[in-house]
Amino acid sequence: MTAARSAVAATTDSKASDEGLDLPFEKALEQLEEIVRRLEKGDVPLDESVAIYERGEALKRHCEGLLRKAEARIQTITLGPDGRAAGVAPLDVG
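Residues numbered from 1 in each chain as written. Predicted model: local features only at pLDDT ≥ 70, side-chain atom pairs only at ≥ 80, totals over all residues. Heavy atoms only, no water.

**Q** Before we move on, could you go through the overall build of the chain and cite the residues and values that matter?
**A** What the chain contains, in helices and strands, is three helices and two strands. Taken from N to C terminus, the helices and strands of the chain fall in the order α-α-α-β-β. The burial tally for the chain puts 20% of its 94 residues in the buried class. Across the chain, every contact between residues at least 6 apart in sequence was considered, and the portion connecting residues at least 24 apart equals 55%. As displayed, the chain has an accessible area near 6,900 Å², and 55% of this comes from carbon and sulfur atoms. (Helix = DSSP H or I, 4+ residues; strand = E, 2+ residues; numbered from the N terminus. Buried < 20%, exposed > 50% of the residue type's maximum accessible area, 1.4 Å probe, protein only. Contact = heavy atoms within 4.5 Å. Areas by Shrake-Rupley, 256 points an atom, 1.4 Å probe, with all protein chains shown as cover.)

**Q** Lay out the pattern of salt bridges in plain terms, naming residues and giving numbers.
**A** By the definition in use, this model includes five salt bridges. Its salt-bridge partner being lysine 27, residue glutamate 30 comes within 3.6 Å of it at the nearest N-O pair. Here lysine 27 and glutamate 30 lie together in helix α2 (residues 25-41), a separation of three residues that amounts to about one turn. Since its relative accessible area comes to 39%, lysine 27 is described here as partly exposed. (Salt bridge = Lys/Arg side-chain N within 4 Å of Asp/Glu carboxyl O.)

**Q** Which residues make up the nonpolar core, and what are the values?
**A** Counting residues in each nonpolar core, the largest one holds nine residues, listed as Leu21, Ala28, Leu32, Ile35, Val44, Ile52, Ala58, Leu59 and Cys63. Contributions of two or more residues to this core are made by α2 and α3 (46-73). Of all the elements, α3 adds the most residues to this core, at four residues. Setting aside residues no more than four positions away along its own chain, cysteine 63 makes contact with Phe25, Ala28 and Leu29. (Core = buried A, V, L, I, M, F, W, Y, C linked by side-chain atoms within 4.5 Å.)

**Q** So, α2: which residues are in play, and what are the values?
**A** An α-helical segment advances 3.6 residues per turn. Residues three or four places apart therefore align on the same side. Its 17 residues give α2 an end-to-end C-alpha distance of 24 Å, which sits within 8% of 24 Å, the value for a rise of 1.5 Å per residue. Every buried residue of α2 is accounted for by Ala28, Gln31, Leu32, Ile35 and Arg38. The buried side chains of α2 occupy one side of the element, clustering within an arc of 125 degrees when seen end-on. More than 90 degrees from the buried face of α2, the exposed residues found are Glu26, Glu40 and Lys41. Just past α2, the residue glycine 42 takes up positive phi, approximately 80 degrees. (Expected span 1.5 Å × (residues − 1). Arc of directions from axis to C-beta.)

In structure tokens form, the structure reads like this:
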């Protein structure tokens, strides 16, 4: 069993809940990319495809949550009329 397959098997449950995911963004993204590669190959049995797809969904939600938290922490420096730093404001990513 490959490392990616064992990681998927070890962490997949019937609900593919992302509760309990305590992975850094980079590791979660790496696992998600491996799942996509395996599904795109098309040689994974149906039951396993469903399980790893569900794991992929949980990883996607986890990554999105981590990105939202990172965006909330980023601030921009606001400038006063004289061009000097006057304070900070939340980053507008919209």
